[in-house]
Amino acid sequence: MKFETAVAELEAIVSGMEGGQLELEASIAAHQRGMALIRHCQQQLAQAEEQIRIIENGEIRDVDRNTLENQ
């Protein structure tokens with residue numbers, strides 16, 4: 001599932017739950033699905049972070065996460 005699709009589904013779940021119209025069973029199922037979507041999105045973001053590269057002096061290299069966080 002694409003990241004954007006998962007986020008859109010998660011937003012719909014949150015919106016439905018905030019409305020307070022779900023019965024208990026449906027609310028529990030929505031919460032479980034939402035948690036699965038969150039894990040999926042976190043995994044995709046972690047993979048994307050690993051793939052990020054920068055160009056330094058004409059050379060492509062992996063991003064040093066510590067360097068980025070300290071800037």
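Residues numbered from 1 in each chain as written. Predicted model: local features only at pLDDT ≥ 70, side-chain atom pairs only at ≥ 80, totals over all residues. Heavy atoms only, no water.

**Remarks on the overall build of the protein**
Alright, step 1. When its secondary structure is counted, the protein shows 3 helices and 2 strands.
Alright, step 2. For the protein, the N- to C-terminal ordering of α and β elements is α-α-β-β-α.
Alright, step 3. Within the protein, contacts between residues at least 6 apart in sequence are counted, and of these 49% link residues at least 24 apart.
Alright, step 4. Total accessible area computed for the protein in this model is approximately 5900 Å², and 51% of it derives from carbon and sulfur atoms. (Helix = DSSP H or I, 4+ residues; strand = E, 2+ residues; numbered from the N terminus. Contact = heavy atoms within 4.5 Å. Areas by Shrake-Rupley, 256 points an atom, 1.4 Å probe, with all protein chains shown as cover.)

**Here's the deal with the nonpolar core**
Alright, step 1. Of all hydrophobic cores here, the largest spans 6 residues; its members are Ala6, Leu10, Ile13, Ala30, Leu37 and Cys41.
Alright, step 2. Mapped by element, the contributors of at least two residues to this core are helix H1 (3-18) and helix H2 (24-51).
Alright, step 3. Here Ile13 is in contact with Ala30, Arg33, Gly34 and Leu37, once residues within four sequence places are set aside. (Core = buried A, V, L, I, M, F, W, Y, C linked by side-chain atoms within 4.5 Å. Buried < 20%, exposed > 50% of the residue type's maximum accessible area, 1.4 Å probe, protein only.)

**Notes on H1**
Alright, step 1. Relative to the 22 Å expected for 16 residues at 1.5 Å per residue, H1 spans 22 Å between its end C-alpha atoms, a close match to the ideal helical length.
Alright, step 2. Within H1, burial applies to Ala6, Leu10 and Ile13. Taken down its axis, H1 places every buried residue within 60° of arc, on the same side. Structural note: H1 exposes Glu4, Glu11, Ala12 and Glu18 on the side pointing more than 90 degrees away from its buried face.
Alright, step 3. On the buried face of H1, the contacting elements are H2.
Alright, step 4. Phi turns positive one or two residues past the end of H1, at Gly20, with a value near 70°. (Expected span 1.5 Å × (residues − 1). Arc of directions from axis to C-beta.)

**Overview of H2**
Alright, step 1. When the terminal C-alpha atoms of H2 are compared, their 41 Å separation across 28 residues agrees well with the 40 Å that a helix rising 1.5 Å per residue should span.
Alright, step 2. Residues Ala30, Gly34, Leu37 and Cys41 constitute the buried set of H2.
Alright, step 3. Among the structural elements, H1 are those in contact with the buried residues of H2.

**Some thoughts on the pattern of salt bridges**
Alright, step 1. Enumeration according to the criterion identifies 1 salt bridge in this entry.
Alright, step 2. Here Glu9 and Arg33 are joined by a salt bridge, their closest N and O atoms 2.8 Å apart. Of this pair, Glu9 sits in helix H1 while Arg33 sits in helix H2, and the two are 24 residues apart along the sequence.
Alright, step 3. Note on Glu9: relative accessible area 27%, which makes it partly exposed.
Alright, step 4. Classification of Arg33 by relative accessible area gives partly exposed; the value is 34%. (Salt bridge = Lys/Arg side-chain N within 4 Å of Asp/Glu carboxyl O.)

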